[in-house]
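Reading the structure
Okay, here's what each chain looks like letter by letter:
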Amino acid sequence: MKVKNNKSEYAVRLLKMLSIVVIFSGSISCGHRSAGDKSKSGTDSTVVSIEEPDDEAEGKMANVILVSPENPLPGEVFRIMVTGGKKIRKAKIEVTGPTGSIESEKSRTGEGLPFWRIEEFKAGSEGTYQVELKTGDANEHLDFSVIEKPVQSSTQAVWKTKQGWNSKTEALYSAWVNALFYGADERSSWPALHEITQNKDWNFLYNHLSLEEDNASGKIKVRMEPDCADNPFYLRAYFAWKLGLPFGFHESDRGGLGRAPQTGRWITNETTISNNHPTQKFNTFMRIVMNGVHSGTARTSLSNENSDYYPVPLTAHAIRPGVVFADPYGHTLILVRKIPQTSDSPGMLLSVDAQPDGTVGIKRFWKGNFLFNTNETEVIGDPGFKIFRPIVLNEGKIGMLKTEELNANSGLIPFSLQQKGMSSADFYHTMERIINPKPLDPEAAMFDLIKALHEQLVVRVTSVKNGEEYMKAHPGTVIPMPGRAAGVFQTGGIWEDFSTPNRDLRLLIAMDAVTDFPDKVMRSPDDYKISMLQSPEKVKENMEDLLKDKLSELSITYTRSNGTEQKLTLSEILKRRAAFEMAYNPNDGAEIRWGAPENSEEQSTCRRKVSTGQLEKMQSVRVWFQKRLHPPT
């Protein structure tokens, strides 16, 4: 690929920068990126460049108050969540009861849109209590009751709809998702989603209904073990159940090339379930959701008004906790936190996803985790960032908002077709501007990228280990391999549980992103803080030297078939890149799955290899890995 900025262009730019240095007696590095900068070729129409991304949006955030449990018991600890703009952090929260004011016993806060605070108080005697939120502009009030025996509503439906979704409940949902995962990082994972909601320090809605529904030792408790497609629906349904909000999903087909998945019957919380216990009703309903939601659900057409999701604009205001990313091949992730860029570290966008085995974990936004492709000849449906279409309550009936109602005046994230047909280059560049609105130090950015690759490899160590443990527990077993390329990436059962084609494809893309980084800096120098006294060739040379050193420092360790440990540096792993195009089959031993060269000492301990028939199938599928593309699924 040719570098856009050749030496003559670079010389002109250097002279301009030096003249600025003389005038201001300032720095010699290119650093400031204004809101109107559109310097990257081919991205002027779609790339968002905002120096202070949250100010305008923050001013539109409504202040909201939520008390949990819904009706605290006398003497019970209750929590108050307030959400809004930055002023929430220093706002005054006053709680009064029958005997006067109550002081907060514990507090925690969260950054982002919306900002939030959670305060803990201890209830006194029965009676009416009041919360007052004072921000200096306008005060908000909320009354609630402390009662000895909370009354549970009786309904034949899964749960009774008390109110519809609006800008305030959407803000609470975003804040709740953020707070639920606020203490997590990329090393965090859980065997099931309910293990997170059972953490009362993280889950603001823990036992909100006073049913002991989130008590891990309780007799009747919430159980949530979704896969990736179900995970956003489980979180949304859980929140809706707790607050008496409507929830639903559409049955849909899987679509095909040139035809996005089509939506059919709408199933909601108004569904009748015979079981009388509210928690058992919820668990039963979630099994219905699990059976109805699949990899095509999130990829319905962006313009489909009957879709459970609608597309959002790629702006700092819209990209917030609770927003869902539907990748082109059926995987989904939910944004949970944005860590702001600082003077010495890049920003970060964190998400949560689920795997076929029910494991839930944190993933950062980057090419290695978030695939984006809108080519209609290669993907089915419309991928991208989306959010649940709000369901409202009107004259006792529930229904979804129409697209025309999802505008800037609604207080909701507006509907946008910005991602329709968007190139992957424009998509990633736009997202980079949102996550890091100011130019990055190239070394810090590269080290952060290498760290992300390392974390991805660490996760793969566990994935391969899980397959090895299964095979050792079932000696002589041969896991059947699907015959079609699409099946290799999509089929369920044991193959899906222990093979890693999707993860390895993402890993290969991640490897490419790391090795390409020095060239990327040359292609887009205005995105980085680069001294104007260095030639682009020298910058690239320095970056390549640093890359080699860092890749040699970091390593992973896996267990070989004979029980010994094998250490591999990232540099060694990148040299084996081609082997990872054929390393996803759990019928192969761990040595082969980590790319050990033929006839090497490392591979000599391998005791298991795929059959000739499976090897031939893998050779035919290899082209997808080589092209860094997922077969349409």
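Relevant structure appears above.
Residues numbered from 1 in each chain as written. Predicted model: local features only at pLDDT ≥ 70, side-chain atom pairs only at ≥ 80, totals over all residues. Heavy atoms only, no water.

Take the overall build of the protein chain next. On a plain count of helices and strands, the protein chain comes out with 16 helices and 23 strands. In terms of C-alpha radius of gyration, the protein chain reaches 26 Å, essentially the compact-globule figure of 26 Å for 633 residues. Out of the 633 residues in the protein chain, the part that is buried amounts to 54%. For the protein chain, the proportion of contacts with a sequence separation of at least 24, taken over those separated by at least 6, is 70%. Charge-centre separation for the protein chain: the mean point of 77 positive side chains lies 2 Å from the mean point of 80 negative side chains. (Helix = DSSP H or I, 4+ residues; strand = E, 2+ residues; numbered from the N terminus. Rg over C-alpha atoms; globule rule 2.2 N^0.38 Å. Buried < 20%, exposed > 50% of the residue type's maximum accessible area, 1.4 Å probe, protein only. Contact = heavy atoms within 4.5 Å. Lys, Arg positive; Asp, Glu negative; His and termini not counted. Charge placed at Lys NZ, Arg CZ, Asp CG, Glu CD.)

A separate point is the sheet that holds strand S14 (residues 324-326). Here we have 7 strands laid out as an open sheet, ordered S10-S17-S16-S15-S14-S18-S13, and antiparallel in their pairing. Strands with a single pairing partner mark the edges of an open sheet, and in this sheet they are strand S10 (189-190) and strand S13 (309-311). Here 5 bridges tie strand S15 (residues 332-339) to strand S16 (residues 348-354), and the two strands are oriented antiparallel to one another. Directly across from Leu335, in S16, lies its bridge partner Ser351. (Pairing = 2+ DSSP bridges.)

Take the side chain of Asn587 next. Positionally, Asn587 belongs in the loop between helix H14 (570-575) and helix H15 (590-593). Only 3.0 Å separates the side chain of Asn587 from the side chain of Gln614, close enough to count as a polar contact. With near-sequence residues (within four places) excluded, Asn587 lies in contact with Met471, Thr477, Val478, Ile479, Arg608, Lys609, Val610 and Gln614. (Polar contact = N/O pair within 3.5 Å; in protein donor to acceptor, adjacent residues only side chain to side chain.)

Right, let's talk about unusual backbone geometry for a bit. In this model, Ser68 is joined to Pro69 through a cis peptide bond whose omega is 0°. Mapped onto the elements of the fold, Pro69 is located in the loop between strand S2 (64-68) and strand S3 (77-84). Of note, Asn207 is a non-glycine position whose phi angle comes to about 50°, a positive value. Assignment of secondary structure puts Asn207 in the loop between helix H4 (194-197) and helix H5 (231-243). A relative accessible area of 8% places Asn207 in the buried class. Look at Glu212: it is not a glycine, yet its phi comes out positive at around 60°.

As a further point, take the sheet that holds strand S9 (residues 139-146). Read across the sheet, 4 strands follow the order S5-S4-S8-S9 without closing on themselves; strand pairing throughout is antiparallel. Each edge of the open sheet is held by one strand with a lone partner, namely strand S5 (100-102) and S9. Across this sheet, the average inter-strand angle for adjacent strands is 30°, counted without regard to direction. Pairing of strand S8 (residues 127-134) with S9 involves 8 bridges; the strand directions are antiparallel. Within S9, the position partnered with Thr128 by the bridge is Ser145. (Axes fitted to C-alpha atoms, helices over the stretch in contact; angles between N-to-C directions.)

With that settled, the discussion passes to the pairing of S15. Summarising burial for S15: 6 of the 8 residues are buried, a large majority. With 3 bridges connecting them, S14 and S15 associate as antiparallel partners. Within the sheet, the bridge partner assigned to Phe325 lies in S15 and is Leu333. Taking the residues between adjacent antiparallel strands as the criterion, S14 and S15 are bridged by 5 residues, where Gly330 takes a positive phi near 110°.

Just distances and angles here, no functional claims.
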